[in-house]
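Listed below, chain by chain, are the residues.
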Amino acid sequence: FAIERFRFNLTCTNCTSQGLATLPDVIDVLDEAGATAEMKLRSLSFASEILRSDFVQTALDRMVLDSSKKCPHSPNYVANFTVPTSGLNFPSLSPEALDSVIFIGVLAVDVAKVLLAISHQNIEIDTYPSSDQENLNALSDTLVDLSSLGKYFGDWIDTGIDGLNSYLGKLQKDRGGLSGDEDIGANILMRQLVLDEDQVLVATFEDLKIGQNGTER
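Please read these numbers as outputs of a predicted model, since none were measured by experiment.

Cut-offs and rules
- Residues numbered from 1 in each chain as written.
- Predicted model: local features only at pLDDT ≥ 70, side-chain atom pairs only at ≥ 80, totals over all residues.
- Heavy atoms only, no water.
- Core = buried A, V, L, I, M, F, W, Y, C linked by side-chain atoms within 4.5 Å.
- Buried < 20%, exposed > 50% of the residue type's maximum accessible area, 1.4 Å probe, protein only.
- Helix = DSSP H or I, 4+ residues; strand = E, 2+ residues; numbered from the N terminus.
- Contact = heavy atoms within 4.5 Å.
- Phe/Tyr/Trp six-rings, centres within 6.5 Å; stacked < 30°, edge-to-face > 60°.
- Lys NZ or Arg CZ within 6 Å of the ring centre and 35° of its normal.
- pLDDT = per-residue confidence, 0-100.
- Axes fitted to C-alpha atoms, helices over the stretch in contact; angles between N-to-C directions.
- Parallel < 35°, antiparallel > 145°, perpendicular 65-115°, else oblique.
- Left-handed = near helix turned anticlockwise from the far one by under 90°.
- Nonpolar A, V, L, I, M, F, W, Y, C, P; charged D, E, K, R; others polar.
- Expected span 1.5 Å × (residues − 1).
- Patch = residues over 30% accessible without salt bridge, like charges linked within 9 Å, V, L, I, M, F, W, Y side chains within 5 Å.
- Areas by Shrake-Rupley, 256 points an atom, 1.4 Å probe, with all protein chains shown as cover.
- Salt bridge = Lys/Arg side-chain N within 4 Å of Asp/Glu carboxyl O.
- Arc of directions from axis to C-beta.
- Lys, Arg positive; Asp, Glu negative; His and termini not counted.
- Charge placed at Lys NZ, Arg CZ, Asp CG, Glu CD.

Novice: Where do I start with the nonpolar core in this structure?
Specialist: Soluble globular proteins tend to bury their nonpolar side chains together. By size, the foremost hydrophobic cluster in this structure holds 9 residues: Leu23, Val26, Ile27, Leu30, Ala35, Met39, Leu107, Val111 and Leu115. At the level of secondary structure, the elements contributing two or more residues to this core comprise helix H2 (23-33), helix H3 (35-51) and helix H5 (95-119). The greatest single-element share of this core, amounting to 4 residues, is contributed by H2. Those residues within four positions of Leu115 in sequence are excluded, and the remaining contacts are Gly19, Thr22, Leu23 and Val26.

If you want it as structure tokens, here you go:
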């Protein structure tokens, strides 16, 4: 087996997805760009590094040494025996191997995105985000327009909301404040109603229990 002679030849015989049907063409483009050749070399290098590691050697040694325990004709046979995996740690990869993993992963993701785009290119997409909202068949008198509450409760509520927004969002007099003689209303209101004199939010929990069935603390 020669890795240089390995070829990706894909043919879709009964495809329901337009993207999968064009996969051979995508592979051809990758071949012409040299991406598949690079992937084959990187895959071979990565596989070689894994196979030469202590991880694979240890796993094979355990399989050979414990093989008699899985053979019914052996005096060492143990029913339902499984080869222990404790102490088997995946080997640390070299920078080249990690780079290969990233390269192959990015290439696979890019191919998947191309196939997904081709599969959905004939789907009609409504680019107007409020189309479904406009097609909603609902009586106008059952919906409340929160942007204009004055229509329902009178002009006073719009005036009140505008005044509240103006106070919270604009600079107000704050003599002796942390930011000088002025600060936005939201900060002033927060210090007056929520924070203590040290400008700290204090939350007191009484009779708070964590746990159950006798493990409460």
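Novice: Explain the packing of aromatic side chains here, please?
Specialist: How two aromatic rings sit relative to each other is set out by the distance from centre to centre and by the angle between their planes. Applying the stated criterion across every chain, the model contains 0 aromatic pairs. It is Arg42 that lies over the ring of Phe103; its NZ or CZ is 4.7 Å from the centre.

Novice: Would you take a moment to explain the confidence of the model for the chain for this structure?
Specialist: Close inspection of predicted coordinates is inappropriate in any region flagged by low pLDDT. For the chain, per-residue confidence averages 77 on the pLDDT scale, and residues scoring 70 or more make up 80% of the total. The lowest-confidence element of the chain is helix H6 (residues 131-134), averaging 67 in pLDDT; the highest-confidence one is H5, averaging 87.

Novice: How should the packing of H2 against H5 be read in this particular structure?
Specialist: Each pair of packed helices can be described by the angle between their axes along with the distance between the axes. At a minimum axis separation of 11 Å, H2 and H5 run at an interaxial angle of 140°. Judged by the angle between their axes, H2 and H5 are oblique. Judged by the twist between their axes, the crossing of H2 over H5 is right-handed. Judged by residue contacts, Leu23, Val26 and Leu30 of H2 engage Leu107, Val111, Val114 and Leu115 from H5. Residue composition of the contact of H2 with H5, by class: 7 nonpolar, no polar and no charged.

Novice: I keep staring at H5 and nothing clicks. Help me out?
Specialist: Helical geometry note: an α-helix holds 3.6 residues per turn, so side chains three or four residues apart project in the same direction. Over its 25 residues, H5 runs 36 Å from end to end, which matches the ideal 36 Å to within 8%, given 1.5 Å per residue. By the burial criterion, the buried members of H5 are Ala97, Ser100, Leu107, Val111, Leu115 and Ile118. Where the residues of H5 are buried, they touch helix H1 (18-21), H2 and H3.

Novice: Mind showing me how you'd approach a nonpolar patch on the surface here?
Specialist: There is a patch of nonpolar side chains on the surface, built from Tyr167, Leu189, Met190, Leu193, Val194 and Leu201 and spanning about 560 Å² of accessible area. At 3 residues, the largest contribution of residues to the nonpolar patch is made by helix H9 (residues 185-193). Relative to the assigned elements, Val194 resides in the segment after H9.

Novice: Please clarify how H9 should be interpreted in this entry.
Specialist: For H9, every residue scored as buried is listed here: Gly185, Ile188 and Arg191. Along the long axis of H9, the arc covered by the buried residues comes to 130°, so they all point the same way.

Novice: Can you help me understand a negative patch on the surface in this one?
Specialist: Judged by side-chain charge, Asp25, Asp28, Asp31 and Glu32 come together as a negatively charged surface patch. On the secondary structure map, Asp31 appears in helix H2. Residue Asp31 is classed as partly exposed on the basis of its relative accessible area of 35%.

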